[in-house]
Amino acid sequence: MQHLGTDLARAASVLRSGGLVGMPTETVYGLAANALDEVAVARIFDAKNRPHFDPLIVHLADWNDVDRVAADVPAEARALWAALGPAALTYVLPKRPEVPDLVTSGLDSVAVRIPQLELARQLIASAGVPVAAPSANPFGFVSPTTAQHVADQLADQVDYILDGGPCSVGVESTIVSWPEGRAVVLRLGGIPVEVLADVLGYVPEVQRSSSQPSAPGMLESHYAPGKPVVLVPQGFDWATAPRSPEVRLLAWSLGSHGLEALTTSGSCRQGAQRLFAALREFAASDEQVLWMELAPEEGLGRAINDRLRRAAHRAEG
Ligand code: AMP
Ligand code: MG
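Values in this document were obtained by computation on a predicted structure and should not be read as measured data. (Residues numbered from 1 in each chain as written. Chains lettered and ligands numbered in written order. Predicted model: local features only at pLDDT ≥ 70, side-chain atom pairs only at ≥ 80, totals over all residues. Heavy atoms only, no water.)

Caption draft 1: The overall build of the chain, seen in detail. Each helix and strand counted, the chain has 9 helices and 15 strands in total. Computed over C-alpha atoms, the radius of gyration of the chain comes to 19 Å, within 12% of the 20 Å expected from 2.2 N^0.38 for 317 residues, which places it in the range of a compact globule. With respect to the principal axes defined by its C-alpha atoms, the chain has extents near 60 × 50 × 40 Å. Per-residue burial for the chain yields a buried fraction of 54% across its 317 residues. Contacts spanning at least 24 positions in sequence make up 66% of the contacts within the chain whose residues lie at least 6 apart. A total of about 13,200 Å² of accessible surface is found on the chain, and carbon and sulfur atoms cover 49% of it. If the 25 positive side-chain charges of the chain are averaged to one point and the 36 negative ones to another, these points end up 1 Å apart. (Helix = DSSP H or I, 4+ residues; strand = E, 2+ residues; numbered from the N terminus. Rg over C-alpha atoms; globule rule 2.2 N^0.38 Å. Buried < 20%, exposed > 50% of the residue type's maximum accessible area, 1.4 Å probe, protein only. Contact = heavy atoms within 4.5 Å. Areas by Shrake-Rupley, 256 points an atom, 1.4 Å probe, with all protein chains shown as cover. Lys, Arg positive; Asp, Glu negative; His and termini not counted. Charge placed at Lys NZ, Arg CZ, Asp CG, Glu CD.)

Caption draft 2: Up close: the side chain of Q270. Mapped onto the fold, Q270 is located in helix 8 (residues 268–284). The exposure class of Q270 is buried, given its relative accessible area of 16%. Apart from the residues within four sequence positions on either side, Q270 is in contact with T263, T264 and S265.

Caption draft 3: Highlighting unusual backbone geometry. The backbone phi angle of N49 is positive, close to 60°, even though this residue is not glycine. By the element assignment, N49 lies in the loop between helix 2 (38–48) and strand 4 (57–59). Residue class for N49 comes out exposed when judged on its relative accessible area of 66%. A positive phi angle, near 55°, is found at Y223, a position not held by glycine. The class of Y223 is buried, set by a relative accessible area of 4%.

Caption draft 4: Just the packing of aromatic side chains, in detail. Tallied over the full model, the rule gives 6 aromatic pairs. Summarising the aromatic geometry, the rings of W63 and W81 are spaced 5.0 Å apart at their centres and angled 10° between planes, so their arrangement reads as stacked. With W63 in the loop between strand 4 and helix 3 (75–84) and W81 in helix 3, the pair connects residues that are 18 residues apart, well separated along the chain. Taken as a pair, W63 and W81 share a single burial class, namely buried. Following the ring pairs from residue to residue traces out a cluster consisting of W63, W81, Y91 and W178. The ring of Y202 has R182 sitting right over it, with the charged end atom 4.0 Å from the ring centre. The positively charged end of K227 is found above the aromatic ring belonging to F282, 4.6 Å away from the centroid. (Phe/Tyr/Trp six-rings, centres within 6.5 Å; stacked < 30°, edge-to-face > 60°. Lys NZ or Arg CZ within 6 Å of the ring centre and 35° of its normal.)

Caption draft 5: Broad picture of the sheet that holds strand 10 (residues 182–187). Pairing is mixed across the open sheet formed by 11 strands, whose spatial order is 1-8-2-3-7-4-6-5-9-10-11. The strands lining the two open edges of the sheet, one partner per strand, are strand 1 (4–5) and strand 11 (205–206). With 4 bridges joining them, strand 9 (residues 174–180) and strand 10 adopt antiparallel strand pairing. Residue pairing in the sheet places S177 in a bridge with V184 of strand 10. Sitting on the sheet, helix 5 (residues 118–127) is in contact with strand 2 (21–23), strand 4, strand 7 (131–132) and strand 8 (160–162), with an inclination near 145° to strand 2. (Pairing = 2+ DSSP bridges. Axes fitted to C-alpha atoms, helices over the stretch in contact; angles between N-to-C directions.)

Caption draft 6: The arrangement of the packing of helix 8 against helix 9 (residues 300–312) in detail. Axis separation between helix 8 and helix 9 bottoms out at 9 Å; the angle between their running directions is 20°. The angle between helix 8 and helix 9 places the two elements in the roughly parallel class. The way helix 8 lies across helix 9 gives a crossing that is left-handed. Of helix 9, the residues touching helix 8 (which contributes C268, R269, G271, A272, L275, F276 and L279) are L300, G301, I304, R307, L308 and A311. Split by residue class, the contact of helix 8 with helix 9 holds 9 nonpolar, 2 polar and 2 charged. (Parallel < 35°, antiparallel > 145°, perpendicular 65-115°, else oblique. Left-handed = near helix turned anticlockwise from the far one by under 90°. Nonpolar A, V, L, I, M, F, W, Y, C, P; charged D, E, K, R; others polar.)

Read these as layout, nothing more, since geometry by itself doesn't imply function.
Have a look at this one:
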């Protein structure tokens, strides 16, 4: 496809002129626009069919730019930045009035991230503007972890897709907020809670997902492959699973069960990298149901399980 490539200058110029760019990051590919251009931001919501109550993350090239969008930065946020630098970590901070309400869904806070992937920071720096970017997929569906995934789902809506190769982390950023002084994790993600706890000196509370729009982005059903997913616990006895051409079985790691597995040796890093591609493969297959084994409930495994539970969630009634 003509508008997928590695032309950084072209991608930056699209952003500057109010267009949409498929942006590589270490977490997932973003659908990026100039965060200060309301018309451009509106195009993101249209392209994704994303509800307006779901605010966007603003991506910056450097922590020095944080004052352009945030009115205040808590000492703990500075400490996390000092310890972790550019990372799969998003900081929710009091916003400056220059950030359009459309970006923050009318909240008085703004979510800010400095991505670890150097190509992403180069793109943002060369565009010279803060960049709003949700994952580059239709709302509610599986997130993209390659440039081709973006092309498959949003080719007609993006002006250019910058190919930065497959995402090294593979799940979205961890989101941390300071509603009443202490840090609260709003979404599990690429930076494990244990890593935050090491820096903060305490274990931050993790907020539960909800179907209430008042808790944006924490919807119970998300990352959906469009067909049923059955989750089984770690160490599941696969001999008891149904065997049929209709059912896809995906174990956590390779083993004596002889089944396909998400990881070769049980590494959560590898599991996160492969997660969304595996859900996409199932979505595109003829199989009707996916039986999938959960990750260990620790570290990055918690973010993997969070995505799997939401991929498997079906509205009741
Ligand atoms: P994504 O869909 O990966 O772009 O993630 C965006 C998510 O970040 C939203 O769905 C919210 O959960 C969260 N978020 C963004 N801005 C804010 C904010 N100002 N306050 C709380 N959460 C936010
Ligand atoms: Mg998303």
